[in-house]
Amino acid sequence: GRAQSGGVIKLGHIQPITGPSAAYGIRARDGAILAVEDINKAGGFTDKSGKKYSFEMTVGDMVNDPRQAITLFRQYATDEAVIASLGPTNSVGFIPLVPVAVQLKLPLVGNGSGAPIKDWNKFVYRVNPVAEIAVPVYLKKIVARESIKRLAVIYDQTQDAQAGDAELCKKLAGEYGYEVVAFEAFRANDQDFSPQISKIRAARPDAVYVAAATGDGVKVVSQIREAGIEKRLITGYGSFQDPVYWDGTKGAVKGDYTWLGQDLSNPSPPLKALPDRYNTRFPQEATSFSAFGYDSVLAVVEGLKKAGRVDREALADALSDFDATSPLGTRITFKNPPGGNNTNPSVVTIQVTGRGTYTAV
């Protein structure tokens, strides 16, 4: 029989569209916009009873405030048409939403946050690789490649993901054969990092790990170079590859290291199509966060297909034992419990060669 119109399925989406993490949030938002358009062009979603649905997405700006993230999430939860919320890319917003998701029974699918989560529940998932899996692989390769014996760390203590990266640097020191000779904290939106940088310079490190969101990281890196420290810099997920970093530091990150979830310099045909479309449509160049935004939408849609009906708890149950491949070629696998991380991520260590360009190492 003819499919009946079921109406509209809404997706909430919480991102830092302004503030120090905006470079991540904007990319994930815009990648998700393309995914919603693709799904609707392909006919949307049809449930087991034959009802057809299209998708709409509403994006809320949490800036860099966890309280605003919770407020937006609660607003989405009160709208019965909202089946799930996506994001945020920054952990300062994502982590506080984990207990709220189970309280309100609204599925949350993250698309960039990488900080550790102690207590998972069946309503929370992340499509992206996370630091606790990626950083050990990535850091081990760089320490060997650059013969690092003395590592300095400067990190944002107000951002969960960046603070988590810093702690991993300390935790892995003995195993990887280096010493952490400086461990300097700052707070988001600080302007002057000279006290921390002076201590780093006095410690004479072989390399410096910069754990900062892009907005603050640009300032930190610029001041490190202005202080005459020319050692290799290392950062967390994807930051130095972002053209915003290159422009903001006037190319000071050339030769420095970060890691990605996809090798965008040598993409598969499906993955290559995303940045080609994205860069034509949006003013900022595509990064891996654009792909994470796209994949977070696809995870919800595939979860609905598995559930067969438009129901929040059924969606959460479907995602708890889940294995799908997105049109970008990303494999997304969840086994929750024990947790909602993607258990099949890829990790690509890269060295920056130019504006938005790099070599995989």
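For the structure itself, consult the block above.
## Quick look at the overall build of the protein
Phase 1: Regarding its fold elements, the protein presents twelve helices and 15 strands.
Phase 2: Relative to the compact-globule value of 21 Å for 361 residues, the protein shows a C-alpha radius of gyration of 20 Å, a close match.
Phase 3: Considering only C-alpha atoms, the protein reaches an extent of 75 × 40 × 35 Å along its principal axes.
Phase 4: Relative to its 361 residues, the protein shows a buried fraction of 58%.
Phase 5: Restricting to contacts in the protein with at least 6 residues of sequence separation, those with at least 24 account for 70%.
Phase 6: Here the protein has roughly 14300 Å² of accessible surface; of this, 49% comes from carbon and sulfur atoms.
Phase 7: Charge centroids of the protein, computed over 41 positive and 38 negative side chains, lie 2 Å from each other.

## Section: the environment of V100
Phase 1: Along the chain, V100 turns up in helix α3 (residues 91-104).
Phase 2: Owing to a relative accessible area of 5%, V100 belongs among the buried residues under this scheme.
Phase 3: Note: C-alpha distance between V100 and I70 (30 residues apart in sequence) is 7.6 Å.
Phase 4: Contacts of V100, omitting those with residues within four sequence positions, involve I70, F73 and R74.

## Observations regarding the side chain of T330
Phase 1: Here T330 is to be found in the loop between β12 (321-325) and β13 (331-335).
Phase 2: For T330, the side chain forms a polar contact with the side chain of D295, separated by 2.7 Å.
Phase 3: Not counting residues within four places of it along the chain, the set of residues in contact with T330 comprises Q262, D295, A324 and T325.

## Description of the nonpolar core
Phase 1: Grouped together as the largest cluster of nonpolar side chains are 42 residues, with contacts concentrated most on L11, F55, I83, V297, V300 and L304.
Phase 2: It is helix α11 (residues 288-307) that contributes the most residues to this core, eight residues altogether.
Phase 3: If we ignore the near neighbours within four places in the chain, the residues touching F55 are I9, L11, V36, I39, N40, G44, F45, V301 and L304.
Phase 4: Ranked by size, the runner-up nonpolar core spans 29 residues in total, among them L139, A166, L172 and A173.

## A word on the pattern of salt bridges
Any two side chains of opposite charge can pair if their charged atoms end up close together.
Phase 1: Evaluated as defined, the whole model comprises 19 salt bridges.
Phase 2: Of the charged contacts in the structure, one is a salt bridge between R281 and E37, with a shortest N-O distance of 2.7 Å. Of this pair, R281 sits in helix α10 (residues 269-281) while E37 sits in helix α1 (residues 22-41), and the two are 244 residues apart along the sequence.
Phase 3: You can call R281 partly exposed: its relative accessible area is 42%.
Phase 4: With a relative accessible area of 26%, E37 lands in the partly exposed category.
Phase 5: R355 is the partner of D247 in a salt bridge, and the nearest nitrogen-oxygen pair spans 2.9 Å. Residue D247 is located in helix α9 (residues 243-248), and its partner R355 is located in the loop between β14 (348-354) and β15 (357-360); the two are separated by 108 residues in the primary sequence.
Phase 6: Through salt bridges with shared partners, a single ionic network connects K122, E313 and D317.

## Topic: the side chain of D165
Phase 1: For D165, the location among the structural elements is in helix α5 (residues 160-171).
Phase 2: Within the buried set, D165 has no salt-bridge partner at all; the shortest N-O distance to an opposite charge, 10 Å, is to R126.
Phase 3: Polar side-chain contacts of D165 include one of 2.9 Å to the side chain of Y209.
Phase 4: With near-sequence residues (within four places) excluded, D165 lies in contact with A131, V135, Y209, A211 and G236.

## Remarks on the packing of aromatic side chains
Phase 1: For the structure on display, the rule yields twelve aromatic pairs.
Phase 2: For the ring pair Y155 and F183, a centre distance of 4.8 Å and an interplane angle of 40 degrees mean the geometry is tilted. Of this pair, Y155 sits in strand β7 (residues 150-156) while F183 sits in strand β8 (residues 179-186), and the two are 28 residues apart along the sequence.
Phase 3: An aromatic cluster is built from Y24, Y237, W259, F289 and F292, whose rings are joined through pairwise contacts.
Phase 4: Lying over the aromatic face of F183, K170 brings its terminal NZ or CZ to 4.5 Å of the ring centre.

## Description of the pairing of strand β9 (residues 207-211)
Phase 1: Here β9 lies mainly inside the structure; five of its five residues are buried.
Phase 2: The two faces of β9 match: A207, Y209 and A211 on one face and V208 and V210 on the other face are all buried.
Phase 3: With five bridges joining them, β7 and β9 adopt parallel strand pairing. Pairing of Y155 across the sheet is with A211, part of β9.
Phase 4: Note: β9 against strand β10 (residues 232-235), four bridges, orientation parallel. Among the inter-strand pairings, V208 is bridged to a residue of β10, identified as L233.
Phase 5: Where the polypeptide runs from β9 across helix α8 (residues 214-226) and back to β10, its parallel neighbour, the crossover connection is right-handed.

Calculation notes
Residues numbered from 1 in each chain as written. Predicted model: local features only at pLDDT ≥ 70, side-chain atom pairs only at ≥ 80, totals over all residues. Heavy atoms only, no water. Helix = DSSP H or I, 4+ residues; strand = E, 2+ residues; numbered from the N terminus. Rg over C-alpha atoms; globule rule 2.2 N^0.38 Å. Buried < 20%, exposed > 50% of the residue type's maximum accessible area, 1.4 Å probe, protein only. Contact = heavy atoms within 4.5 Å. Areas by Shrake-Rupley, 256 points an atom, 1.4 Å probe, with all protein chains shown as cover. Lys, Arg positive; Asp, Glu negative; His and termini not counted. Charge placed at Lys NZ, Arg CZ, Asp CG, Glu CD. Polar contact = N/O pair within 3.5 Å; in protein donor to acceptor, adjacent residues only side chain to side chain. Core = buried A, V, L, I, M, F, W, Y, C linked by side-chain atoms within 4.5 Å. Salt bridge = Lys/Arg side-chain N within 4 Å of Asp/Glu carboxyl O. Phe/Tyr/Trp six-rings, centres within 6.5 Å; stacked < 30°, edge-to-face > 60°. Lys NZ or Arg CZ within 6 Å of the ring centre and 35° of its normal. Pairing = 2+ DSSP bridges. Right-handed = clockwise from strand over helix to strand, strands pointing away.

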